[in-house]
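Chain residues, written in single-letter form:
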Amino acid sequence: MNDEDFVQRMKYSQYSEEGVEEENYYIDNHIEELDMFFENDYAEIQDFFSPELNISELIENEDPQYIKVTKFYEKKLSESSKAETYASKNTDKIPAKTIKEPQGKLMVCPNSEAGLGILVIKDPETKKENIRAVFPFITKGHEYPCSIRNVKLDYYGNEALIEAFVDEEENLLLTFYDIHYLDNRNFYNPNDTFKFRLVGLASYIEVVENDDLISVTQDQDDNNERYELYSVVKAIEKYSDNVNGEKVFRITISLGYTPDGEDIPLDIYVTKRSLGGKLLPEIGDNIYAEVHIHGYLTGIEK
C-alpha cells in the first residue's frame with residue numbers, strides 16, 4: 001500500500017445494504033468527557049461551535065446560553081498556550097509531502113500536561129479564527145507500540161480517531177481519539193510503528209462482582225473511542241487536586257495479557273462526577289467503567 005492509498009483510507013466509508021457507498025464520519029461532541037469536569041451548562045457546547053450555526057442570530061436575540069458558554073471558553077482560550085506535540089518537538093522530521101488540511105492550532109489551558117484542549121480553526125474565507133472543539137485531557141499514561149489500521153476523520157478533517165493494534169502480537173485492536181491529530185497528521189503512514197501514550201477518561205465507574213473478568217467492548221459501533229470495561233483495580237492514587245476544577249484519581253487496570261502472561265495496562269482517570277455518588281474503588285476491586293480512550297503520539301519507529 002502506498003502513501004496515497006493510506007491517505008484515501010483516512011476518509012472513513014462504508015457500504016449500505018444496497019451496496020451503495022455512503023460517506024460516514026467520526027463525530028464526537030466530547031460531552032461525556034466534559035461532564036467529568038464541568039457542569040452541564042458548559043459541557044453541552046459543541047453546537048455553539050458549529051460552522052453552520054447562525055451566530056449573528058444568536059447574538060441579535062441575546063441568547064443567554066450562547067453568551068454564557070462562549071464567554072466561558074473564550075476566557076479559557078485567552079489563558080491558553082500552544083500545545084506541545086510530537087510535531088512541535090520534531091519540526092525537522094515533518095515529511096516534505098504533507099496533507100493539506102484547514103489551517104488551525106491546538107491550544108491548552110493551563111498547560112500541556114492536563115487541563116482543557118481548545119481546537120481553533122481559521123475560516124478560509126473570513127480568515128477569522130473560531131473555536132471548533134473543546135475537550136478535557138490528561139497526558140500521563142502507559143506507552144504502547146501501535147500498528148495503525150485506519151484513521152477516521154471528523155467531517156471537517158480537524159479531528160480524528162486512530163484504529164490500531166496496541167500490542168506487538170497484534171491481538172488487541174483499539175480505537176482512540178488522537179488529541180494531537182491536527183499537528184501530527186502528516187506523520188502517519190502505513191510503514192511505521194507508532195508509539196502512543198494511551199489514557200482513559202471515565203465518564204462512569206462502579207465496583208461490581210464479576211470474578212476478575214476482563215472485558216473490553218467498544219460502545220455501539222467501531223466509529224468511536226468509547227469503551228465499556230470490566231477489569232480489576234491494580235493500583236490507585238490521587239493524580240491531582242485540580243484538573244479543570246476537579247480532584248482526579250488515577251486507577252490502573254488491565255486490558256488483557258500478552259502471550260507471555262504480562263499485563264496490558266491502562267490508566268483511567270476518575271472524578272467525583274464519574275463516581276456519581278459511589279465510593280472510590282480500591283486495589284483488588286472488580287470494576288465496570290465507561291471510558292473514552294485518548295492517544296498521544298510520542299515516537300515513530302521506521
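Okay, so let's go over this structure. The structure presented is a predicted model; accordingly, all values stated were derived computationally and were not measured.

### Details of a negative patch on the surface
Working step 1: Together, E168, E169, D260 and E262 line one region of the surface with negative charge.
Working step 2: For E262, the position within the fold is in the loop between β14 (246–257) and β15 (263–270).

### Section: the side chain of S254
Working step 1: Here S254 lies in strand β14.
Working step 2: Owing to a relative accessible area of 1%, S254 belongs among the buried residues under this scheme.
Working step 3: Within the structure, S254 has its side chain in polar contact with the backbone oxygen of G256 (distance 2.9 Å).

### Let's talk about the packing of aromatic side chains
Working step 1: Evaluation of the coordinates by the stated rule reveals eleven aromatic pairs.
Working step 2: Residues Y188 and F194 carry aromatic rings whose centres are separated by 5.5 Å and whose planes lie at 75° to one another, so their mutual orientation is edge-to-face. Each member of the pair Y188 and F194 is classed as buried.
Working step 3: Here the aromatic residues F176, Y188, F194 and F196 are joined through ring pairs into a cluster of three or more.

### Details of the nonpolar core
Working step 1: In this structure, F196, L198 and I268 are the most contacted members of the largest nonpolar core, which totals 39 residues.
Working step 2: The element that contributes the greatest number of residues to this core is strand β16 (residues 286–301), accounting for six residues.
Working step 3: If you look at the next biggest cluster of nonpolar residues, it comprises 34 residues, including M36, F37, I121 and I138.

### Examining the pairing of strand β13 (residues 235–243)
Working step 1: Note: β13 against β14, six bridges, orientation antiparallel. Within β14, the position partnered with K238 by the bridge is F249.
Working step 2: Linking two consecutive strands that pair antiparallel, namely β13 and β14, is a turn of two residues; a positive phi of about 55° is found at N244 within it.

### Overview of unusual backbone geometry
Working step 1: Residue P110 is bonded to the preceding C109 through a cis peptide linkage, with omega at 5°.
Working step 2: Along the chain, the position of P110 falls in strand β4 (residues 104–110).
Working step 3: A positive phi angle, close to 55°, is found at N244, a residue other than glycine.
Working step 4: Relative to the assigned elements, N244 resides in the loop between β13 and β14.
Working step 5: Since its relative accessible area comes to 16%, N244 is described here as buried.

About the criteria used
Residues numbered from 1 in each chain as written. Predicted model: local features only at pLDDT ≥ 70, side-chain atom pairs only at ≥ 80, totals over all residues. Heavy atoms only, no water. Patch = residues over 30% accessible without salt bridge, like charges linked within 9 Å, V, L, I, M, F, W, Y side chains within 5 Å. Areas by Shrake-Rupley, 256 points an atom, 1.4 Å probe, with all protein chains shown as cover. Salt bridge = Lys/Arg side-chain N within 4 Å of Asp/Glu carboxyl O. Lys, Arg positive; Asp, Glu negative; His and termini not counted. Charge placed at Lys NZ, Arg CZ, Asp CG, Glu CD. Helix = DSSP H or I, 4+ residues; strand = E, 2+ residues; numbered from the N terminus. Buried < 20%, exposed > 50% of the residue type's maximum accessible area, 1.4 Å probe, protein only. Polar contact = N/O pair within 3.5 Å; in protein donor to acceptor, adjacent residues only side chain to side chain. Phe/Tyr/Trp six-rings, centres within 6.5 Å; stacked < 30°, edge-to-face > 60°. Core = buried A, V, L, I, M, F, W, Y, C linked by side-chain atoms within 4.5 Å. Pairing = 2+ DSSP bridges.

It is worth stressing that arrangement in space is one thing and function is another; only the former is reported here.
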